[in-house]
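Here are the chains, one letter per residue:
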Amino acid sequence: MKKPPYSNLEDKHYSPINIEDNIYEYWLSQAAFKPNPDSDKPRFSVVIPPPNVTGRLHMGHALNNSVQDTLCRYKRMKGFDVLWVPGTDHAGISTQSVVKKHLDAEGIDFYSLGREAAVNKIWEWKNSYGDQILGQLKKLGCSCSWDHVRFTMDEGLSSAVKVAFKKLYDDGLIYRGKYIVNWCPVDKTALSDDEVTTKEGGEPGFIWQIKYKIENTNEYLTVATTRPETIPGDTAIAVNPEDPRYKKLIGLNVHVPLTDRLIPIIADDYADKEFGTGCLKVTPAHDPNDFQIGVRHNLPQINVMNEDGTMGDQAPAQYHGIDRFKFREIIVEELKNLNLLHSVEERMTPVGRAQRSGAVIEYRLSDQWFVQMKPLAKKALLKLDQGDLNIFPERWDSVFRHWLENTRDWCISRQIWWGHQIPAWYNKTTNEILVDIDTPEEVKNNPDSWVQDEDVLDTWFSSALWPYSTMGWPEDTIDLRTYYPTSVLSTAKDIIYFWVARMVMTGVNFLDKVPFKEVYFHPVVCDHKGETMSKSKGNGIDPLHIIEGADVVTLERPIRDARPPQMETMLQELHKNYAEGFSAVGADALRVTLLSLNSQSQQVQLSLKKFDEVGKKFTDKLWNASRFVLSKLTSGETKEINEENLSLEDKWILGRLANTIEGVGAAIESYKFHEGIACFMSFFWDDFCDWYLELTKSSFKDATSNEAILKRSILKKIFFDSLKILHPIAPFITEELWAHAGHANPLCKEAYPEISFKFNKETDEQFLVVREIVRTLRNVRADLGMSAHKAITVAIKPLNEEAKSLINQSIESVIRAANLISLSTVTERPSSFISSVMPNFELYLDLTGAIDINAEIERNKKQIQKLEKEGSSISAKLNNENFIKKAPSEVIEETKNNLLGIESQINRINQVIKELSS
RNA sequence: GGGCGUUUAGCUCAGCUGGUAGAGCACAAGCCUUACAAGCUUGGGGUCACAGGUUCGAUCCCUGUAGCGCCCACCA
């Protein structure tokens, strides 16, 4: 294959098109991402949070995988043997419903296919579309080990699931039982507590007060409910035993409306005297709390609904098959007619919804499998107490622990077909249960008497094993021995319970080790209004549109698909800003933008504009600076840099380089990506491009001079080191530029730079003074409306020895940077020159004929005003007795010096004004 | 109801262990200067949400209030 570079240096702008894909192929051809278990390097390993097979890369993935790739590339350059395991998750319910939808569209009924055929259909789907997202990860630049691709339903991982299930079952940590569970009537399956969401403050609804006639009396008991459709399932009325209103009624019966059943009035503490009427209808088969009351009082459990949320055969016959919400309306109407409806009141009521389908969940009594969590959580907490897991940002640590300390049993069986079928067999006659990894002998010998559990396991059950199942567990593989536990897990915090906590628990349980040493929770990706990006809101930005560009019709698509209420406004806004579409900025710009916004806060706000403003701008700047540097590098020879020959600005920029090498590395290691990027940008853009490059330009007039050779050598060092520093963050463009510089070997295999010239604070401060002199000169000219192109003559008076020596070694730099004819040191102001006052200098500019005296006086007065404001607050501080008494002496000293400096400047400016006026 | 986060320039956000605030964008003025006008130079702009407290000194620490966001629990 053709090696890089793939671009033309003549181009004035960086174009990622045609570069990135080629570079990625190049990396693969160099086996750049292959781990080597035999090496003696230290290890760094990461498992990817496996995206859903049905998934398409979204901004959250882009952010998270940019983070992981930056970490992996950095560690590789730092001399680690790196394994990054990629893969996908079978995502049970969501994949099954996606495929079902597609089959529906083709006119094929999913359920009538039967289990085997339906599952085959999903496999077909998986095999043709399942790897798309992995290709998209490559677009991002992810340096995964592609020999390690795993899928949660691979043979190996499936066997790990069965082994885990059996071990937990044998240890008594998995049990089966008839309990009330969250039920999704759309997907017709049980859900774990974590898969149910409730809206803050509830949803609009009603509270009905309904009269139950007390047996053998003409009296009624009024009961409040938000769910009258469950009335046919009532098996008791509970009142608080201490409630004087109802004490005497305990033990009597009431009539269940619309039926001829009688149910008892019972006493239970759960009934709150203060709430509602104080009477609670108890429906054990349709409410978790009622279920508990039912257990305490041995009440019958009457399930009145079918799997799909229609009324079942335990409800009165005429209502069978009617939807629960329709029945709610009917029963209210009936009650009204029977004069049993006491009152109706509008009210926000808590409503649980299934995360996937959005349907209002039902509570359903059914046989399910559960994992007993407390013992697992306890073991995990012990490891946490030993400090075996570091969480970043730290604040999530307590959230994590709190969940582990309060976790409840986990319902793991799902009534769907796509997933790991539960390895349990039931004897049809004796109801004996066998759990095993493979079909047990008894079953094989007598297949007609046994039946395997129809259910599959919750997707998160296999995800919980991911860090080690991907490495071959339960076999004792070399990967497992070498790379487990992994170094870091980077993930979104919304799956902290679903996934992170469960991996920790199973990892500790099966391997006695927390599966990762560190967890990093990245921020949530939001739109420019601060709303989380989601498909249903249509406010998502597709990372591929950023990388590859998109026309406006393509950009519209997510909005049109979602049809949100503000669709028109959103479309208008899009057209206003991107009528021509969004032009490709490439993966590097995407990564730089995302990581530069990635602070320790909980969210990042994104808009299309941001990618142009931050990433695109930056890659363009890097491209152009590189073009310039490369043109200088090819203009002659270089040599070893000898510290003795260096000028102030050389020492300054090399010191700043050292700071950047260190700063970016430290930022990456502490997951402060925005800090790393800010550090690099200010070095590269401000220090290197705006100051150092500008200063060196004139050194290349004679390309063979010693001066040119020295500057070229320094440019080379800074340029090459910069590419290396930036490579983990922006891998493509740096690799491309590295190739343009003539390197035969890939940048990604280079070592992260070592510091060869140390940062020196004194040098740094000295150069800052030079910058300040230049800035002052530019400022005076700009203020007086003088062209920056007209070279002028300047004299400078240093006010002390230190200043004198500083200016003597910087005269040339100031002349170049400020475009001067000459700069001479003097002890008096040359007549006709105008003055500008600095803390340790006075500058005299020859602006003969070009100045307006009054404007000049104004300029100086303005400067005095500023200084006086500053001075007055400082002197107020010094006049405070307590400050003098209690503040540390060095602070007092510094403050005094500040004031003296300011006062002296003011005096000198006043002098200038006086001279101007005369 | 419990917990967490957040409030800093017009906008988006930095600000590490307390010593009177920074960047990018936007805005204004000037510049096609030996890479970059998608650029460069210079400038204007802030009671650091509010009220108390600790301190010589608070954007920073403590308490409270309010707005915004998130998580957990859930009273029929």
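For the structure, check the block above.
First, a word on scope: everything that follows refers to the structure included in this document. (Residues numbered from 1 in each chain as written. Chains lettered and ligands numbered in written order. Predicted model: local features only at pLDDT ≥ 70, side-chain atom pairs only at ≥ 80, totals over all residues. Heavy atoms only, no water.)

Digging into the pairing of strand β2 (residues 81-85)
Of all the five residues making up β2, five are buried; the element is thus mostly covered by neighbouring parts of the structure. Burial along β2 is two-sided: D81, L83 and V85 and V82 and W84, pointing in opposite directions, are all buried. Pairing geometry for strand β1 (residues 43-47) and β2, over five bridges, is parallel. Its bridge partner lying in β2, F44 is registered against V82. (Buried < 20%, exposed > 50% of the residue type's maximum accessible area, 1.4 Å probe, protein only. Helix = DSSP H or I, 4+ residues; strand = E, 2+ residues; numbered from the N terminus. Pairing = 2+ DSSP bridges.)

Quick notes on the packing of aromatic side chains
For the structure on display, the rule yields 43 aromatic pairs. The interplanar angle of 70 degrees and the centroid separation of 5.3 Å between the aromatic rings of F165 and W369 together place this pair among those described as edge-to-face. With F165 in helix α6 (residues 155-170) and W369 in strand β16 (residues 362-371), this residue pair connects regions lying 204 residues apart in the sequence. Neither residue differs from the other here; F165 and W369 are each classed as buried. Centre to centre, the rings of Y520 and F673 are 5.9 Å apart; their planes meet at 70 degrees, and the pair counts as edge-to-face. With Y520 in strand β25 (residues 516-522) and F673 in helix α22 (residues 673-696), the pair connects residues that are 153 residues apart, well separated along the chain. Of the two residues, Y520 and F673, both sit in the buried class. An aromatic cluster is present here, built from F618, F680, F683, F684, F688 and Y692 joined pairwise through their rings. The ring of W146 carries the charged tip of K138 above its face, separated from the ring centre by 4.7 Å. Positioned above the aromatic ring of F628 is the side chain of K697, whose terminal nitrogen or guanidinium carbon lies 5.4 Å from the ring centre. (Phe/Tyr/Trp six-rings, centres within 6.5 Å; stacked < 30°, edge-to-face > 60°. Lys NZ or Arg CZ within 6 Å of the ring centre and 35° of its normal.)

So, the sheet that holds strand β30 (residues 834-837)
With respect to topology, four strands assemble into an open sheet ordered β29-β28-β31-β30, the strand pairing being mixed. Each having just a single partner strand, β29 (820-825) and β30 make up the two edges of the open sheet. Recorded for the sheet is a direction-independent mean angle of 25 degrees between the axes of neighbouring strands. Both strand β28 (residues 792-798) and strand β31 (residues 841-846) contribute to a ladder of six bridges, which runs antiparallel. When the sheet's bridge partners are listed, I796 is paired in β31 with L843. Taken strand by strand, helix α26 (residues 801-808) contacts β28, β29 and β31, and its axis lies near 145 degrees from that of β28. Where helix α30 (residues 889-917) meets the sheet, it contacts β30 and β31, and its direction lies at approximately 165 degrees from that of β30. (Axes fitted to C-alpha atoms, helices over the stretch in contact; angles between N-to-C directions. Contact = heavy atoms within 4.5 Å.)

What to know about the pattern of salt bridges
Following the criterion strictly, the structure yields 47 salt bridges and no others. Where E195 meets R414, a salt bridge forms, and the shortest distance between an N and an O atom there is 2.6 Å. Residue E195 is located in the loop between β6 (189-191) and β7 (196-198), and its partner R414 is located in strand β19 (residues 413-414); the two are separated by 219 residues in the primary sequence. On the basis of relative accessibility, which here comes to 5%, the residue E195 falls in the buried class. In this structure, the salt-bridge partner of R771 is D687, at a minimum N-O distance of 3.2 Å. (Salt bridge = Lys/Arg side-chain N within 4 Å of Asp/Glu carboxyl O.)

A look at the protein's contact with RNA strand B
Contacts to RNA strand B come from 57 residues, most closely from A224, N289, K616, K617 and S873. Contacts to RNA strand B include Y497, whose side-chain N or O atom sits 3.4 Å from a sugar or linking oxygen. The side chain of N624 places a nitrogen or oxygen atom 3.1 Å from a sugar or linking oxygen of RNA strand B. Secondary-structure elements contributing two or more residues to the surface near RNA strand B are β9 (220-225), α20 (608-633), α22, α25 (761-783), α28 (853-879) and α29 (881-886). Counting residues per element, the surface near RNA strand B draws most heavily on α20, which supplies ten residues. Within the surface near RNA strand B, the residues separate by chemical class into 16 nonpolar, 19 polar and 22 charged. (Near = heavy atom within 4 Å. Polar contact = N/O pair within 3.5 Å; in protein donor to acceptor, adjacent residues only side chain to side chain. Nonpolar A, V, L, I, M, F, W, Y, C, P; charged D, E, K, R; others polar.)

Examining the sheet that holds strand β14 (residues 341-349)
Strand-to-strand pairing in sheets goes through backbone hydrogen bonds, with the strands running parallel or antiparallel. One open sheet holds the three strands; their spatial order is β9-β8-β14, and the pairing between them is antiparallel. Either end of the sheet is taken by a strand with one partner, and the two such strands are β9 and β14. Ignoring strand direction, the axes of neighbouring strands in this sheet form an average angle of 20 degrees. The pairing of strand β8 (residues 203-213) with β14 spans eight bridges and is classified as antiparallel. Among the inter-strand pairings, P204 is bridged to a residue of β14, identified as M348.

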